Amino acid sequence: DGGITQSPKYLFRKEGQNVTLSCEQNLNHDAMYWYRQDPGQGLRLIYYSQIVNDFQKGDIAEGYSVSREKKESFPLTVTSAQKNPTAFYLCASNTPGRPPYEQYFGPGTRLTVT
Amino acid sequence: GQNIDQPTEMTATEGAIVQINCTYQTSGFNGLFWYQQHAGEAPTFLSYNVLDGLEEKGRFSSFLSRSKGYSYLLLKELQMKDSASYLCAVFYNAGNNRKLIWGLGTSLAVNP
C-alpha cells in the first residue's frame, strides 16, 4: 500500500539537543512538505522540497534544517536554536501541477522538549 | 495579504445537517481544499473546488463562490465520528510558485 510514514509517533528530548524526524513516502510524489501544528493554530509551513537535492524555506524555517537526498525521504532536524520546539509535526507530499492536487499527510510526530 | 477565516467552534446534533463556512482573501486564487482532522491525527482530504458551484461526495458537499471569496462544507446526516476539526486551505499563485495557505480550522462537536 502506498503512503507516507513518519517515525516515531512520540518523541521526547531534553532542551539543547538536536532531534531528527523521519518522513518517507512511496507514492512517487515529487514534492514533500513539513508543517508544524500548535494548539489553536493552523498548519504552518517549515520547509518544502519540489525535487531531489533542492528545498526552500517556508514561513517558519528558523531553527530547523532539512535534506532531500532521495525522492522518498525528507527528514527534518529540529535544532537547539528552535525556541519553542514542542509541537505536532506533520509531513506531506504531492506532485504539484498534476491531479490529484491535494497533499497527502503522514500520521505526524508529537515532539516534546523539556 | 493572504487570509482565511473560519469559525473556531461549532456544535451540532447527530443526524442533523451542519454548514461550515470559509472566507478567504487571496490574489491568484487557484483552488480551495477541505480537510478533516481528528484530534491527534493527520488531516485527511475531503474535497477540492476550483470552479464555482457545489461538489457532492456522499454525505459531504463543498461549495465555492470565487467572486465572493467564499466556500462552505456541508455535512449531512451527522454521525458522532464526524466530531473533528475541519480545515479550509486555499491554493494561490505567488510569482512563479503556487502556495497553500491554511485556515485555523473549525472544531465541530456532534452531540447525541
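Details of the structure are given in the entry above.
Scoring rules and cut-offs
Residues numbered from 1 in each chain as written. Chains lettered and ligands numbered in written order. Predicted model: local features only at pLDDT ≥ 70, side-chain atom pairs only at ≥ 80, totals over all residues. Heavy atoms only, no water. Pairing = 2+ DSSP bridges. Helix = DSSP H or I, 4+ residues; strand = E, 2+ residues; numbered from the N terminus. Axes fitted to C-alpha atoms, helices over the stretch in contact; angles between N-to-C directions. Phe/Tyr/Trp six-rings, centres within 6.5 Å; stacked < 30°, edge-to-face > 60°. Buried < 20%, exposed > 50% of the residue type's maximum accessible area, 1.4 Å probe, protein only. Core = buried A, V, L, I, M, F, W, Y, C linked by side-chain atoms within 4.5 Å. Contact = heavy atoms within 4.5 Å.

### Regarding the sheet that holds strand β6 (residues 53-57) of chain B
All names here are of chain B.
(1) Moving on: Taken in spatial order, the five strands make up an open sheet running β1-β3-β8-β7-β6, and their pairing is antiparallel. Among the strands making up the open sheet, the edge pair consists of β1 (3-5) and β6. Here the average twist between neighbouring strands, direction ignored, is 15°.
(2) Moving on: Bridging between strand β7 (residues 60-65) and strand β8 (residues 70-75) involves six bridges; their strand directions are antiparallel. The partner of Ser 65 across the bridge, within β8, is Tyr 70.

### Quick look at the packing of aromatic side chains
(1) Moving on: Under the criterion given, the structure shown has 19 aromatic pairs over all chains.
(2) Moving on: Look at Tyr 101 of chain A and Tyr 48 of chain B: their rings are 5.3 Å apart centre to centre, the planes differ by 45°, and that puts the pair in the tilted class. Note that Tyr 101 of chain A is positioned in the loop between β9 (87-94) and β10 (104-105) and Tyr 48 of chain B in strand β5 (residues 44-49), a pairing that runs across two chains.
(3) Moving on: Overall, the relative accessible area of 24% leaves Tyr 101 of chain A in the partly exposed class.

### Observations concerning the nonpolar core
(1) Moving on: Residues Leu 32, Trp 34, Leu 75, Tyr 86 and Leu 108 of chain B are the most contacted members of the largest nonpolar core, which totals 22 residues.
(2) Moving on: Counting residues per element, the ones that place at least two in this core are β3 (18-25), β4 (29-37), β7, β8, β9 (84-94) and β11 (106-111) of chain B.
(3) Moving on: Looking at this core element by element, the count peaks at five residues for β9 of chain B.
(4) Moving on: Beyond its immediate chain neighbours, meaning those up to four positions away, Tyr 86 of chain B contacts Gln 6, Ile 20, Trp 34, Tyr 35, Gln 36, Leu 46, Phe 60, Leu 73, Leu 75, Gly 105, Thr 106 and Leu 108 of chain B.
(5) Moving on: Counting 20 residues, the second-largest nonpolar core is a separate cluster that includes Trp 34, Ile 46, Val 78 and Leu 111 of chain A.

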